[in-house]
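# Coordinate analysis (summary)
Here are the chains, one letter per residue:
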Amino acid sequence: MARKQKHRSFRSSGLRGEHDYLVAAAGLFLLVATMHALRILYDTDVRIGEWSVPPWVSIVAVVVAGYMGWRGYKLSSKAK
C-alpha cells in the first residue's frame, strides 16, 4: 500500500500539520473577535462607503468569531 503524503503547502510553509493549522486559524478568529470587541468598547464608527456599520454587526461578529476561535483551540488539542 502506498503511504499517504501530506499536502505540499504544509511542508513548504513549515507547518507540522493539522494541529498548527487549527492553532493559526483559531488565533486569527480570536484576533477578529477582539478587534470587534474593541470597536464596541470604544464606540468606534465604521463606514463602508456611505454606509455606517451598526454596532450589532460587531456584537454578532464577537460571538461568531469568538466561538470559532474557541472551537479551533479545542479541536487543536485533539489533533496533536
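For the structure itself, consult the block above.
Below is a summary of the structure that appears in this document.

With that out of the way, let us pick up the packing of helix H2 (residues 18–41) against helix H3 (residues 55–78). Think of two packed helices as two axes; the pair is described by the angle between the axes and how far apart they sit. Running from N to C, H2 and H3 point in directions that differ by 155°, and their axes come no closer than 7 Å. Here H2 is positioned roughly antiparallel relative to H3, judged by the angle of their axes. As H2 packs across H3, the resulting crossing turns out to be left-handed.

As for its placement among the helices and strands, Ser 58 is situated in helix H3. A distance of 2.9 Å separates the side chain of Ser 58 from the side chain of Arg 39, its partner in a polar contact. Beyond its immediate sequence surroundings of up to four residues, Ser 58 is in contact with His 36, Arg 39 and Ile 40.

So, on to unusual backbone geometry. One non-glycine residue, Asp 43, adopts positive backbone phi at about 50°. Topologically, Asp 43 is positioned in the loop between H2 and strand S1 (46–48).

The rules we used
- Residues numbered from 1 in each chain as written.
- Predicted model: local features only at pLDDT ≥ 70, side-chain atom pairs only at ≥ 80, totals over all residues.
- Heavy atoms only, no water.
- Axes fitted to C-alpha atoms, helices over the stretch in contact; angles between N-to-C directions.
- Helix = DSSP H or I, 4+ residues; strand = E, 2+ residues; numbered from the N terminus.
- Parallel < 35°, antiparallel > 145°, perpendicular 65-115°, else oblique.
- Left-handed = near helix turned anticlockwise from the far one by under 90°.
- Polar contact = N/O pair within 3.5 Å; in protein donor to acceptor, adjacent residues only side chain to side chain.
- Contact = heavy atoms within 4.5 Å.

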